[in-house]
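Letter by letter, the chains look like this.
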Amino acid sequence: FVHGTTRRSAGAYVRMNSVRQRLEQFYMEGAYEGVRMSSACTINQVYKGEMRDGSSDGYGFVIDGGFATHIREVVIDKADTSARIRACMKVNAVQDMIIEGCQFIRAAFDLEVTPTSDGVALIHAHNTFFDAAGNASIALVSTASGNAIKRIRFDKCWLSSAVTRGAFIDGSGGGNINGVLF
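Rules used in this analysis
- Residues numbered from 1 in each chain as written.
- Predicted model: local features only at pLDDT ≥ 70, side-chain atom pairs only at ≥ 80, totals over all residues.
- Heavy atoms only, no water.
- Helix = DSSP H or I, 4+ residues; strand = E, 2+ residues; numbered from the N terminus.
- Rg over C-alpha atoms; globule rule 2.2 N^0.38 Å.
- Buried < 20%, exposed > 50% of the residue type's maximum accessible area, 1.4 Å probe, protein only.
- Lys, Arg positive; Asp, Glu negative; His and termini not counted.
- Salt bridge = Lys/Arg side-chain N within 4 Å of Asp/Glu carboxyl O.
- Polar contact = N/O pair within 3.5 Å; in protein donor to acceptor, adjacent residues only side chain to side chain.
- Core = buried A, V, L, I, M, F, W, Y, C linked by side-chain atoms within 4.5 Å.
- Contact = heavy atoms within 4.5 Å.
- Pairing = 2+ DSSP bridges.

1. A word on the overall build of the protein chain
At step 1: Across its full length, the protein chain carries 0 helices and 18 strands.
At step 2: Against the 2.2 N^0.38 benchmark of 16 Å for 182 residues, the protein chain shows a C-alpha radius of gyration of 15 Å, consistent with a compact globule.
At step 3: Taken over the C-alpha atoms alone, the protein chain extends approximately 45 × 40 × 30 Å along its principal axes.
At step 4: Within the span of the protein chain, comprising 182 residues, buried residues form 49% of the whole.

Printed below as a string of structure tokens:
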């Protein structure tokens with residue numbers, strides 16, 4: 001159990017940045033960033049947890065790298081929709097990530113993918129709720145030439161109840177978006 005007496009405005013409660021890391025059965029409240037995965041050579045596993053009421057400009061997960069990442073049965077929710085968190089999960093770089101059985105609820109973006117030069121490839125979301133977002137349940141946004149988003153699959157996922165749109169795919173930043181399957 002991790003709880004801040006005041007909402008944090010910077011930093012992560014948990015940083016995953018070495019080889020073969022596992023976080024399971026956790027509860028976090030009031031985080032700016034709940035979990036940050038920052039190494040391109042890691043195998044990350046996050047199972048059975050909750051993140052509640054993070055900072056209004058914060059994130060549940062920030063994924064800046066990783067290989068063979070598995071996130072299962074995690075609930076991220078912000079009850080106060082007048083101050084939504086920025087994203088339940090922000091993905092900047094990853095290779096081979098599975099998201100399964102999760103509930104990402106009431107953020108501005110439930111899943112926001114904005115690749116860096118390392119790119120984002122091979123995300124498979126299965127049986128997951130991306131629900132009640134303020135802007136978009138899923139946003140795949142190409143950020144610059146050479147920053148690729150490829151091989152993304154959403155299988156048996158719920159993208160609904162968003163205030164603006166369920167899915168937003170924008171390639172106008174110049175990067176390549178290739179192989180998105182719903």
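2. As for the side chain of K78
At step 1: Along the chain, K78 turns up in the loop between β7 (67-77) and β8 (87-91).
At step 2: For K78, which is buried and forms no salt bridge, the nearest opposite charge comes from D53, at a distance of 5.2 Å.
At step 3: Side-chain polar atoms of K78 contact the backbone oxygen of G54, separated by 2.6 Å.

3. A short note on the nonpolar core
At step 1: Among the nonpolar cores identified, the biggest contains 36 residues, and V46, F61, I71, M89 and V91 are the most heavily contacted of them.
At step 2: In this view, V91 contacts I63, M97, L111, E112, V113, T114, P115, V120 and I123; residues no more than four positions away in its chain are not counted.

4. So, the side chain of Q21
At step 1: Looking at the element boundaries, Q21 is found in strand β3 (residues 21-29).
At step 2: The residues touching Q21, leaving out its near neighbours within four places in the chain, are R15, M16, T42, I43, N44 and Q45.

5. A few points about the pairing of strand β5 (residues 44-52)
At step 1: Looking at chain direction, β3 and β5 are connected through 8 bridges and run parallel. Opposite E29, over in β5, you have R52 as the bridge partner.
At step 2: As judged from the 7 bridges shared by β5 and β7, these two strands associate in the parallel manner. Paired with E50 across the two strands is V75, which belongs to β7.

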